[in-house]
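# A closer look at the structure
What follows is the residue order along each chain.
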Amino acid sequence: RIIGAQVDGYFKFTIDDHRFKVVVADFVPIVPYVTDNIIIVSGQRYYIVVEANQPVGNYWIQAIYQTGKFTLNQFAACNQNDDNKSNILGVFRYNGSDQTALPTTKVSPKITNSCGDENPSNLVPWVAINVGGATVLDNIALQWCVFPFQIILNWSDPTTRSIYNEDLSLPSKSNVYTVKPANKWAYWVIQDLTLVNAFHPLHLHGHDVYILAQGKGPFVPLLVNLNTVNRHQRDTVTLYDGGYTVIAMLTDHPGSWLMHCYIAWHVSQGLAIQFVE
Ligand SMILES: [Cu+2]
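These numbers come from a predicted model, not from an experiment. (Residues numbered from 1 in each chain as written. Predicted model: local features only at pLDDT ≥ 70, side-chain atom pairs only at ≥ 80, totals over all residues. Heavy atoms only, no water.)

### Points about the overall build of the chain
Put simply, the test is: Numbering of helices and strands runs from the N terminus, with a helix taken as a DSSP run of H or I at least four residues long and a strand as a DSSP run of E at least two residues long. Between buried and exposed lies partly exposed: a residue is buried under 20% and exposed over 50% of the maximum accessible area for its type, with that area taken using a 1.4 Å probe on protein chains only. In this description, contact between two residues means that some pair of their heavy atoms is separated by no more than 4.5 Å.
Of the regular secondary structure elements, the chain holds two helices and 18 strands. Looking at the chain as a whole, 47% of its 277 residues are labelled buried. The long-range share in the chain, meaning contacts at least 24 apart out of those at least 6 apart in sequence, stands at 79%.

### A short note on a nonpolar patch on the surface
Heads up, the condition is: Any residue with relative accessible area above 30% and no salt bridge may belong to a patch, with like charges joined within 9 Å and the nonpolar Val, Leu, Ile, Met, Phe, Trp and Tyr side chains within 5 Å. Note on areas: Shrake-Rupley, 1.4 Å probe, and residue coverage restricted to the protein chains presented here. For this analysis, a salt bridge means a side-chain nitrogen from Lys or Arg found within 4 Å of a carboxyl oxygen belonging to Asp or Glu.
On the surface, a nonpolar cluster with roughly 390 Å² of combined accessible area is contributed by Val31, Trp126, Val127 and Ile129. Looking at the secondary structure, you find Val31 in strand 4 (residues 28-35). The class for Val31 is partly exposed, based on a relative accessible area of 37%.

### Some words on the nonpolar core
Rule in force here: By convention a nonpolar core is built from buried Ala, Val, Leu, Ile, Met, Phe, Trp, Tyr and Cys residues, the set being connected through side-chain atoms within 4.5 Å.
Core analysis: the biggest nonpolar cluster contains 19 residues, and Trp188, Ile247, Met259 and Phe275 have the highest contact counts within it. Where this core is concerned, the elements lending two or more residues are strand 11 (185-192), strand 12 (200-204), strand 13 (209-215), strand 15 (236-239), strand 16 (244-250), strand 17 (256-261) and strand 18 (272-276). Of all hydrophobic cores here, the second largest spans 17 residues; its members include Ile2, Phe11, Ile40 and Ile48.

### Brief notes about the coordination of the copper ion
The criterion, for reference: A 2.8 Å cut-off from the metal defines N, O and S donors, relaxed to 3.2 Å for Na, K and Ca; water is not in the atom list, so some sites may appear incomplete.
Protein coordination at the copper ion: the donors are His200 (ND1), Cys261 (SG) and His266 (ND1), at 1.9 to 2.1 Å from the metal. Mapping the donors of the copper ion onto the primary sequence gives the spacing H-x60-C-x4-H. Taken together, the residues His200 in strand 12 and His266 in helix 2 (residues 264-267) connect sequence positions 66 residues apart. Both residues of the pair, His200 and His266, count as buried.

### What about the pattern of salt bridges?
Using the criterion set out here, one finds four salt bridges in the structure. Between Arg234 and Asp26 there is a salt bridge, with the nearest N and O atoms lying 3.0 Å from each other. With a gap of 208 residues between them, Arg234 in strand 14 (residues 233-234) and Asp26 in the loop between strand 3 (20-25) and strand 4 connect regions that are remote in the sequence. For the pair Arg234 and Asp26, one class covers both residues: buried. With its nearest N and O atoms 2.8 Å apart, the salt bridge here joins Arg45 to Asp235. Highlighted residues: Arg45 in strand 6 (residues 45-50) and Asp235 in the loop between strand 14 and strand 15, separated in sequence by 190 residues.

### A look at the pairing of strand 4
Note the following rule: When DSSP finds two or more bridges between a pair of strands, those strands are recorded as paired.
One ladder, built from five bridges, connects strand 3 with strand 4; its direction is antiparallel. Looking at the pairing, Phe20 lines up with Thr35 of strand 4.

### Quick notes on the sheet that holds strand 6
Read from one edge of the open sheet, four strands run 1-6-3-4, paired in antiparallel fashion. Two strands in the sheet have a free side with no partner beyond their single neighbour: strand 1 (2-3) and strand 4.

### Points about the layout of surface pockets
Rolled over the atoms, a probe sized like a water molecule indicates the empty space that remains. Just so we agree on the cut-off: In this analysis the probe radius is 1.4 Å and the grid spacing 1 Å, with only protein atoms considered; a cavity is a set of points the probe fits into but cannot get out of, a pocket is an open set with protein on both sides within 12 Å along at least five of seven lines, and lining residues have an atom within 4 Å of a point. Grid points are joined across faces, edges and corners, and a volume is the space filled by probe spheres set on the points. Here the term charged refers only to Asp, Glu, Lys and Arg, the term nonpolar to Ala, Val, Leu, Ile, Met, Phe, Trp, Tyr, Cys and Pro, and the term polar to all other amino acids, Gly among them.
Space inside the largest pocket adds up to approximately 310 Å³. Together, 19 residues line the largest pocket, and Leu153, Asp157, Pro158, Thr159 and Gln274 are the ones closest to its centre. Those elements that place two or more of their residues in the lining of the largest pocket are helix 1 (159-164) and strand 17. Split by residue class, the lining of the largest pocket holds eight nonpolar, eight polar and three charged.

### Brief notes about the confidence of the model for the chain
The test is simple: pLDDT expresses how confident the predictor is about each individual residue, on a scale running from 0 to 100.
Here the chain shows a mean pLDDT of 86. Residues at 70 or above account for 89%. Confidence drops under pLDDT 50 across residues 136-141; counting only partners more than four residues distant or on other chains, this segment forms ten contacts.

### Comments concerning the sheet that holds strand 8 (residues 89-93)
What counts, and what does not: Every angle, taken between N-to-C directions, lies between 0 and 180 degrees, and every axis is a line fitted to C-alpha atoms, over only the stretch in contact when it is a helix.
Across the sheet, four strands lie side by side as 5-2-7-8; this open sheet has antiparallel pairing. One side of each edge strand has no neighbouring strand; the edge strands of this open sheet are strand 5 (38-40) and strand 8. The average undirected angle you get between the axes of adjacent strands in this sheet is 25°. In terms of strand pairing, strand 2 (residues 11-15) meets strand 5 through three bridges, oriented antiparallel. Paired with Lys12 across the bridge in strand 5 is Ile39.

### Focus on the side chain of Asp235
This is how it is decided: Polar contact criterion, stated in full: a pair of N or O atoms within 3.5 Å, where within protein one must be able to donate a hydrogen and the other to accept it, and residues adjacent in sequence count only if both atoms are side-chain atoms.
Residue Asp235 is classed as buried on the basis of its relative accessible area of 7%. A polar contact of 3.0 Å, which involves the side chain of Asp235, links it to the side chain of Thr236.

See the structure below:
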């Protein structure tokens, strides 16, 4: 299981000279595919199956720090610098090899530098579910513009308890959006209007969401094709710097759920809301 436990930045995970099968993205089983590397950002998870089919020996496990610019965006690099970036290594050791030697293997030159999520065409859910139409406002149920208004929560007075007590006078600083009605498709357009010049791994609690579109620049409904056919689902998805991500979810999980950027300090820069359904 590969877990993006980094505080910031994109890594490509690879095991030198080996290929592996990817079978789960976040918590969603996918049609397995074979690769020699996978890109992962904070909070994302993958289940992979590695076949130990190479000569007995020692091989580097590498988390390659991605410093490349997103090709469609001339301004943003997806990472800040990392002082230790050439040393994020583990050892994949076979029985019968020298158990103390360090590997001398090299990363495949075919693995290039890039930013963003794994190619959606690789992440085909094992159980095909098509997203239905949203009922509100030309299929766009809500547009959340990410902007520097910081969420402020009172931990001793949680939103869920307020709802339970039928007290709906929630403080505006707790950034609450109400999603209704129940058991319908809700689409969210998330637009980065910040100038923090960074990519954002957005994470939702309580749902796997279907990713209908991702792109750079402002979301223009007439110009963006929302793909609803067996889209990949996950709970952590990239919002490109200055760009948009369109997600869909079925409102079938009552509660108050946080949606936030996984880069902790971005939360205090405005990238957190709660949705109540
Ligand atoms: Cu962020």
